[in-house]
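A closer look at the structure
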Amino acid sequence: WEFNGSFYQPSAFLMMGIPGLEALHPWISIPFCALYLTALLGNCVILFIIRRTQSLHEPMYYFLSMLAITDLGLALCTLPTTLGLFWFNVRRIGFDACLTQMYFIHILSFIESSVLLAMAFDRFIAISHPLRHPAILTRSTVLKIGLAIVLRGMVSLLPIPFLLKRLTYCGRTELSHSFCFHPDIMNLACADIKVNVFYGMIILLSTVGMDFIFIVLSYILIIRTVLSLTTREESLKALNTCVSHICAVLVFFIPMIGLSMIHRFGKNVPPLVNTLVAYTYLLIPPALNPVIYSIKSTQIREALLRALRRKR
């Protein structure tokens, strides 16, 4: 295409699978299908168990339900385009559809970060102030926290699609992934993207960055409380309630930080590394979180076994 300085937006973008392995996409789709199936079934089971088990109607498991719903949303956001590309080589995605998918992917990522912070706060209150925990985190308080988390993600990311729509795009329309990601779309523009870069960085640091800092601070306070406990059994019991959450935090934040660093500073990083980190960030947490909580949470494991016995 020729550009004479006039405003231009492509009608569609072309998505990429795994660079250099295009011929193996049908085989590569098998582990992807397994991950999507695990994410969908696992999180649905978590929601079903929490809903049906009266003893799990407490703040810790309400927040776990929010995490499961968020993970379901993340899996469903990327499933159509990823499997469509691997199975049928459908690479084209409309401009507006791409912006919509990008918006929901980022919203759900920010929501997951905030839910993990809320879960860290719940663990801190439960361990440091166990007698005040029911009075502080009532059902209405948990609901208000959930609404605040959703509104925070929606409002903070609302300008992003409009900032992308105002840009003029060049002839390149190939994205780096099988889904739409803000830095990926932004880098296809041939206009000044300083506003996009600045706003994206500010929002990332003020939401996900602050969430991570407060999660670390929560665990510093938790460890200080645990060390003050009189017996070793009490200390181990208190820490054991945090193991699942710590695993969920690491599984989510490590790939997310890695992907953000690659998009902003990794100009010489091989495309394959970029792609693998992106898929790890969006696929592994939704698939692993229900497995982690099913293994480590005695209450969920026992409720699941009771449900299986009733079916038999």
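Please read these numbers as outputs of a predicted model, since none were measured by experiment.

The next subject is the overall build of the protein chain. The helix and strand inventory of the protein chain stands at twelve helices and two strands. Starting at the N terminus and ending at the C terminus, the protein chain contains elements arranged as β-α-α-β-α-α-α-α-α-α-α-α-α-α. At 21 Å, the protein chain has a C-alpha radius of gyration in line with the 20 Å of a compact globule built from 312 residues. Dimensions of the protein chain, computed from the C-alpha atoms along their principal axes, are close to 75 × 45 × 35 Å.

With that out of the way, let us pick up the layout of surface pockets. Roughly 410 Å³ of volume is contained in the largest pocket. Taken together, 17 residues make up the lining of the largest pocket; nearest its centre are S176, D184, N187, H263 and N274. Elements that contribute at least two residues to the lining of the largest pocket include exactly helix 10 (243–265) and helix 11 (271–296). With three residues, the single largest contributor to the lining of the largest pocket is helix 11. Each residue belonging to the lining of the largest pocket can be placed in one class, and the counts come to seven nonpolar, six polar and four charged. In this structure, the second largest pocket occupies an estimated 290 Å³ of space. As for the second largest pocket, its lining consists of 16 residues, of which M60, Y61, R123, T241 and Q299 are closest to the centre. Those elements that place two or more of their residues in the lining of the second largest pocket are helix 2 (59–88), helix 3 (95–128), helix 9 (232–240), helix 11 and helix 12 (298–311). Sorting elements by how many residues they give to the lining of the second largest pocket places helix 2 first, with three residues. Looking at the lining of the second largest pocket residue by residue, the class counts come to five nonpolar, seven polar and four charged.

A few words on the state of the cysteines. Throughout the structure, instances matching the rule amount to one disulfide. The disulfide that involves C98 links it to C180, with 1.9 Å between the sulfurs. Where C98 bonds to C180 through sulfur, the torsion about that S-S bond is close to -120 degrees, and the disulfide is left-handed. Highlighted residues: C98 in helix 3 and C180 in the loop between helix 6 (159–165) and helix 7 (182–186), separated in sequence by 82 residues. The burial state of C98 is the same as that of C180; both residues are buried. Looking at C242, it has no disulfide partner, and the nearest cysteine sulfur is the one in C247, 11 Å off.

Turning next to the packing of helix 8 (residues 194–227) against helix 10. Axis separation between helix 8 and helix 10 bottoms out at 12 Å; the angle between their running directions is 150 degrees. The angle between the axes of helix 8 and helix 10 places the two elements in the roughly antiparallel class. Note on packing geometry: the crossing formed by helix 8 with helix 10 is left-handed. Taking contact as the criterion, the partners of G200, M201, L204, V208, F212, I215 and Y219 in helix 8 are, on helix 10, H245, I246, V249, F253, M256, S260 and R264.

Empty pockets left among the atoms are what a rolling probe the size of a water molecule brings to light. This structure, assessed with the given rule, holds two cavities of 30 Å³ or more. In this structure, the largest cavity is lined by 15 residues; those nearest its centre are H106, F110, P183, L204 and R264. It is helix 10 that provides the largest number of residues to the lining of the largest cavity, a total of four residues. Broken down by class, the residue content of the lining of the largest cavity amounts to ten nonpolar, four polar and one charged. One number sums up the size of the second largest cavity: a volume of about 60 Å³. Together, M60, F63, M119, D122, R123, T241, S244, H245 and Y293 line the second largest cavity.

Inspection of the entire model under this criterion finds four salt bridges. When the shortest N-O distance is used, the salt bridge between K165 and D96 registers 3.1 Å. Placement of K165 in helix 6 and of D96 in helix 3 is noted, with a sequence separation of 69 residues between them. Classification of D96 as partly exposed rests on a relative accessible area of 48%. Between R152 and D211 there is a salt bridge, with the nearest N and O atoms lying 3.1 Å from each other. In this pair, R152 sits in helix 5 (residues 139–157) while D211 sits in helix 8, placing the two residues 59 residues apart along the sequence. Owing to a relative accessible area of 28%, R152 belongs among the partly exposed residues under this scheme. Using a relative accessible area of 2% as the deciding quantity, one classes D211 as buried.

Each value, and the rule that gives it
- Along every chain, residues carry numbers that run from 1 in the direction the sequence is written.
- It should be noted that, the model being predicted, local features are given only for residues of pLDDT at least 70 and side-chain atom pairs only at 80 or more, the latter also being counted only at that level, while totals for whole chains, interfaces and linings use all residues.
- Heavy atoms throughout the structure, all of them, feed into the side-chain values; hydrogens and water do not.
- Put simply, DSSP marks the helices as runs of H or I at least four residues long and the strands as runs of E at least two long, and each gets a number from the N terminus on.
- We take the radius of gyration over the C-alpha atoms and set the globule estimate at 2.2 Å times the residue count to the 0.38 power.
- Two kinds of site are reported from a 1 Å grid over the protein atoms alone, namely cavities, where a 1.4 Å probe fits but cannot get out, and pockets, open sets with protein on both sides within 12 Å along at least five of seven lines, and residues are called lining when an atom falls within 4 Å of a point.
- Grid points are joined across faces, edges and corners, and a volume is the space filled by probe spheres set on the points.
- The classification used treats Ala, Val, Leu, Ile, Met, Phe, Trp, Tyr, Cys and Pro as nonpolar, Asp, Glu, Lys and Arg as charged, and all other residues, Gly among them, as polar.
- Criterion for a disulfide: a pair of cysteine sulfur atoms at a distance within 2.5 Å.
- Relative accessible area decides the class of each residue, using a 1.4 Å probe on protein chains only: under 20% of the type maximum gives buried, over 50% gives exposed, and in between gives partly exposed.
- Comment: axis = line fitted to C-alpha atoms, over the contacting stretch for helices; angle = value between 0 and 180 degrees taken between N-to-C directions.
- Any angle from 65 to 115 degrees is called roughly perpendicular, while one under 35 is roughly parallel, one over 145 is roughly antiparallel, and all others are oblique.
- It is the rotation of the near helix from the far one that decides the hand of a crossing: anticlockwise by less than a right angle makes it left-handed, clockwise makes it right-handed.
- Here a residue-residue contact requires only that any non-hydrogen atoms of the pair lie within 4.5 Å.
- Only one rule defines a salt bridge in this text: a Lys or Arg side-chain nitrogen within 4 Å of an Asp or Glu carboxyl oxygen.

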